[in-house]
Amino acid sequence: MENKLYYTKKAKYFEEALPIGNGRIGGLVFGNLKKERIALNEDSLWSGYPKDLNKKDAGKHLDAVRDAIFNKNYEKAKDILNKDMHGHWSEAYLPFGDLIIEYKNSPKKNYERTLDLETGVAEVKANGFCQTVFVSHPAQLMVVNIHSDRGISFKVRLNSQLHHKVETIEDSLVIKGKAPEVCMPPYYNQGETIVWGDKGMDFCGIVKVQGNAVFNGDCIEVTNQKDTTLLISLATSFIDFKSMPTGDAYKNALNYFESIKTYKLLLDEHRKDFSSLFNRVSITLEGSRDDLTTDKRIKRMKKHNDDNGLIALLFQYGRYLTISASRKGTKAMTLQGIWNTHLRAPWSSSYTTNINTEMNYWCTDIANLSECFEPLTELAEKLIYNGSVTAKDYYNCGGACSHHNTDIWGASYPAGYPDGDGDSCQYAPWSMSLPWILNQLYEHYLYINDEEYKEKLIPMFKSCLEFYNDYLVEHNGELVTCPSISPENNYKDNGVCLAPTYMPSMDREILFDFFENCRELGFEAPEIQQVKPASDGRIPEWIEEFEETEVEHRHVSHLYCIYPSRFIQNDELNKAAEKSLNVRGFGGTGWSLGWKVCLWARLGNGKNALRLIKQQLTYIKPSPFKITLVWGGGSYPNLFDAHPPFQIDGNFGVCAGIAEMFKNRALPDSWSGEIKGLKGYGGKDISYKFKNGKELN
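Rules and cut-offs
Residues numbered from 1 in each chain as written. Predicted model: local features only at pLDDT ≥ 70, side-chain atom pairs only at ≥ 80, totals over all residues. Heavy atoms only, no water. Helix = DSSP H or I, 4+ residues; strand = E, 2+ residues; numbered from the N terminus. Rg over C-alpha atoms; globule rule 2.2 N^0.38 Å. Buried < 20%, exposed > 50% of the residue type's maximum accessible area, 1.4 Å probe, protein only. Contact = heavy atoms within 4.5 Å. Areas by Shrake-Rupley, 256 points an atom, 1.4 Å probe, with all protein chains shown as cover. Lys, Arg positive; Asp, Glu negative; His and termini not counted. Charge placed at Lys NZ, Arg CZ, Asp CG, Glu CD. Salt bridge = Lys/Arg side-chain N within 4 Å of Asp/Glu carboxyl O. Core = buried A, V, L, I, M, F, W, Y, C linked by side-chain atoms within 4.5 Å. Pairing = 2+ DSSP bridges. Axes fitted to C-alpha atoms, helices over the stretch in contact; angles between N-to-C directions. Parallel < 35°, antiparallel > 145°, perpendicular 65-115°, else oblique. Left-handed = near helix turned anticlockwise from the far one by under 90°. Nonpolar A, V, L, I, M, F, W, Y, C, P; charged D, E, K, R; others polar.

K.L.:
For this particular structure, what's the right way to read the overall build of the protein?
P.N.:
Helix and strand counts for the protein stand at 16 helices and 29 strands. Taking 26 Å as the expected radius of gyration for a compact globule of 697 residues, we find that the protein reaches 25 Å, a close match to that expectation. Across its three principal directions, the C-alpha atoms of the protein cover 80 × 65 × 50 Å. Relative to its full complement of 697 residues, the protein shows a buried share of 65%. When contacts within the protein are restricted to residue pairs at least 6 apart in sequence, those whose partners lie at least 24 apart make up 70%. Put simply, the protein shows about 24900 Å² of open surface, and 45% of that area lies on carbon and sulfur atoms. Considering the protein, the positive charge centre built from 80 side chains and the negative charge centre built from 90 side chains are found 7 Å apart.

Structure, rendered in structure tokens:
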């Protein structure tokens, strides 16, 4: 079953369910032929509304925190950053609800469920029965077709974890509801963690039926019918990130039914659209066990070495998720893409912009899906707009900046404890996400060579450059960032674990690229020296050679200059990076493993890249939701990346890493086969056959 996920049992947890989507609407198909659940998401359904949560007097404390850092009083700097320069948690991406189908006397024998990556269609089959589910991008509808040779009876219901009401309106089953005004992350439990009110977003879902059906209050009843098609429309009252969410959610959902087509036409149209993107790239790796179910293939990966086809499937799955979760006009993919089933999701299922949001789009261009990149550009535009307020309030600077976390409203302040009464210094005071994202946008331009897109970048780069022209401060004869951190990592100073610093290596490396990109766009920009190896031969993480608190920390921020930087480094720096990676180890969370695959691939070491890919294919058993950092990462039965818990960025990271292996001809000797259709700068085609890790002429 090439390019298919395949199982012979229903899903119990969402990490076993089959993801489908069209960029805007997401669904998880569980395949339960007694009580089917299709978990629903819509990309604009978030808590909150536009509001200025920047701390207005934060800039008063900038000189004090800089003095503390430059005088090595790091504990004082930490105290100022936490208490006087803090922000507020960003808002949460929310689950829409569930479509429930209660089957009566459904068959049980010869059960199988599959997800066809080529067509974006999920099927559940048993004797004489087939349930087909997909989300059409052309029609902007979820489609569920239920076929039974003998006829089957069932009821259809809608529900949600949010405040809602379900009713029949004419020939439709309708759910109407309200999102909360505030939804705190699950690790913060001070005060009221979910605030309901009239300012939150409205949402609406509508189910219509092609076939005979009775609408009975809060459900649809179908009796002894051979063919039935359910058409599901989802919408919210979201207008844009600057406006209160006062749109008409019911009208918005109803509009998608204006030109209803037959099931066959909907399916044909969807397959054509989806496969036109997916089929651009094909990968063949000799040695496959696609006769086994996908969960069994993952379980046996560590003990056997006969399923290179699973690695090819993992690569294509990353491309599949990109097509399903990111299309022109949709919102950027969150930490869970568009597949979140939790009211208070891991890290609020928002945008973590110190690695994870960027990683979501690493594979897009190289995997020949450049059309799917546009939502990241839209997110950058929000950050430029709101970041001008943050730059002024926190740093007394012009231009725009943003920090490590954002949401649909474009939050740009240092997200953390709202009252400044907790320690967020390890992640919040890092104002470097905007140049990182803009570097990625510029690299996208290099792939597509679109001059109109380039013109769109110029004002964004200008605004960000203005900030750094104001923000950088001279210290020890060079311009540096201050305050800053190396994302989510601590060092030791006199036995105390601390984070505040100035000009950590990641800042230097991002700005080195950013200023070069600015110059290519016609701007004058400061000169920043590239990072240099430390006394131990590694790439240093901080500007001073502090004692490390966690040698194998999940972040490898200081290796930005190797990947995702677009610049090829000299041998000295590459060797320093190799030493750094070896010391960092071959473990890590799921997304960390994906980043390390990219790094080893960029360094030309296919053997080590493969070692990490296999580590990422470690089977992780699903369990009831809790945020637990398990060392080593892995994959869930449906190939979702296991941080744990589920974070989709790991899927995109390993997909980008495998593509990078092919781009750099960094293949392990256990790989033979063919790659077709990868993309280089300017649309250059990357296609070739290979044997035992060597390209064939």
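K.L.:
Mind showing me how you'd approach the pattern of salt bridges here?
P.N.:
Any two side chains of opposite charge can pair, so long as their charged atoms come close to each other. The tally for this structure, following the rule as stated, stands at 36 salt bridges. Between D52 and K56 there is a salt bridge; the shortest N-O distance is 2.5 Å. When its relative accessible area of 44% is taken as the criterion, D52 is described as partly exposed. A salt bridge links E674 to K676, with the shortest nitrogen-to-oxygen separation between them at 3.9 Å. Among the residues examined, E674 registers a relative accessible area of 24% and is labelled partly exposed. With a relative accessible area of 42%, K676 lands in the partly exposed category. Sharing partners across several salt bridges, the network here consists of D536, R538, E541, E548 and R584.

K.L.:
Whenever I open this one, the nonpolar core confuses me. Can you help?
P.N.:
The tendency in soluble globular proteins is for nonpolar side chains to be buried as a group. Ranked by internal contacts, the top residues of the largest apolar core, which has 209 residues, are L441, W595, I613, F662 and W671. If one sorts the elements of this core by residue count, helix α6 (residues 308-325) sits on top with eleven residues. Discounting chain neighbours no more than four positions away, the residues touching F662 are I283, L285, L667, W671, I675, L678, I686, Y688 and F690. Core analysis: the second largest hydrophobic core is formed by 16 residues, L141, C204, A235 and Y263 among them.

K.L.:
What am I meant to see in the side chain of E358 here?
P.N.:
Tracing the sequence through the fold places E358 in helix α7 (residues 356-359). With residues near it in sequence (within four places) discarded, E358 still touches T352, T353, S433, W436, I437 and Q440.

K.L.:
Help me understand the environment of P180, please; the structure alone is not making it clear to me.
P.N.:
As for its position among the elements, P180 is in the loop between β11 (172-178) and β12 (182-183). When the C-alpha atoms of P180 and R280 are compared, they prove to be 41 Å apart, with 100 residues separating the residues in sequence. If we ignore the near neighbours within four places in the chain, the residues touching P180 are S47, G48, L94, L162, I194, V195, W196 and G200.

K.L.:
It is not clear to me how the pairing of strand β7 (residues 121-126) should be interpreted in this structure. Could you clarify?
P.N.:
A regular strand places its side chains so that they alternate between the two faces of the sheet. Where strand β6 (residues 112-116) meets β7, five bridges bridge the pair, whose relative direction is antiparallel. In the sheet register, D116 faces β7, and the bridge partner there is V121. Where β6 folds back on β7, the antiparallel hairpin that results is connected by four residues, among which G120 adopts a positive phi of roughly 70 degrees. Where β7 and strand β8 (residues 129-136) come together, five bridges link them in antiparallel fashion. The residue of β8 that forms the bridge with E123 is T132.

K.L.:
How should I be thinking about the packing of helix α4 (residues 263-278) against α6 in this particular structure?
P.N.:
For any two helices packed against each other, one specifies the crossing angle of their axes together with the interaxial distance. Contact geometry of α4 with α6 gives a least axis separation of 10 Å together with a crossing angle of 135 degrees. As judged from the angle between their axes, α4 and α6 are oblique. The handedness of the crossing between α4 and α6 is right-handed. For the pair α4 and α6, the contacting residues are F274, L277 and F278 in the first and Q316, R319, Y320, I323 and S324 in the second. Class assignment for the residues of the contact of α4 with α6 results in five nonpolar, two polar and one charged.

K.L.:
Mind showing me how you'd approach the environment of G217 here?
P.N.:
Note that G217 resides in the loop between β15 (214-216) and β16 (219-236). What makes G217 partly exposed here is its relative accessible area of 40%. The spatial distance from the C-alpha of G217 to the C-alpha of D273 is 36 Å, given a sequence separation of 56 residues. If sequence neighbours within four positions are ignored, G217 has contacts with E167, T168 and L173.

K.L.:
What is the right way to look at the sheet that holds strand β28 (residues 685-691) in this model?
P.N.:
What holds strands together in a sheet is hydrogen bonding between their backbones, with the strands either parallel or antiparallel. Taking strand neighbours across the sheet as the criterion, the four strands line up as β17-β27-β28-β29 in an open arrangement whose pairing is antiparallel. A strand with exactly one partner marks an edge of an open sheet, and here the two such strands are β17 (282-285) and β29 (694-695). As paired strands, β17 and strand β27 (residues 673-679) are joined by four bridges and run antiparallel to one another. The residue bridging L285 from the neighbouring strand is G673, located in β27. Each of β17, β27 and β28 touches helix α16 (residues 649-663); the most contacted strand, β28, lies at about 75 degrees to it.

K.L.:
Please explain the sheet that holds strand β23 (residues 496-498) as it appears in this structure.
P.N.:
Strand order across the open sheet formed by three strands is β23-β22-β24, with antiparallel pairing between neighbours. Sheet topology places β23 and β24 (547-548) at the edges, where each strand pairs with a single neighbour. Two elements, strand β22 (residues 491-493) and β24, share two bridges in a ladder whose sense is antiparallel. Note on β24: the bridge partner recorded for K492 is E547. Together, β22 and β23 form the strand contacts of helix α2 (residues 74-84), whose direction differs from that of β23 by roughly 45 degrees.

K.L.:
Before we go on, may I ask you to explain the pairing of strand β5 (residues 97-104) in this structure?
P.N.:
Burial of β5 is extensive: six of the eight residues sit out of reach of the surface. Judged from the six bridges that link them, strand β4 (residues 35-42) and β5 form a sheet pairing that is antiparallel. Paired with I38 across the bridge in β5 is L99.

K.L.:
Which parts of the structure should I look at to understand unusual backbone geometry?
P.N.:
Glycine aside, residues mostly have negative phi, and peptide bonds are mostly found in the trans state. The amide bond that connects Y563 to the next residue, P564, takes the cis arrangement and shows omega of 20 degrees. Structurally, P564 is set in the loop between β24 and α13 (571-584). The omega torsion of the bond from P644 to P645 falls at 0 degrees, within 30 degrees of zero and hence cis. Along the chain, P645 falls in the loop between β26 (641-642) and α16. A positive phi angle is found at R665, which is not glycine, with a value near 55 degrees. Here R665 shows up in the loop between α16 and β27.

K.L.:
I keep staring at the packing of α6 against α16 and nothing clicks. Help me out?
P.N.:
As a packed pair, α6 and α16 sit with axes 8 Å apart at the nearest point and diverge in direction by 120 degrees. When the axis of α6 is compared with that of α16, the two are oblique. At the point where α6 passes α16, the crossing takes the left-handed sense. Each of I311, L314, F315, Y317, G318, R319, L321 and T322 in α6 lies in contact with α16, whose residues at this interface are N651, F652, V654, C655, I658 and A659. Partitioned by chemical class, the residues of the contact of α6 with α16 number ten nonpolar, three polar and one charged.

Nothing here speaks to function; it is geometry throughout.
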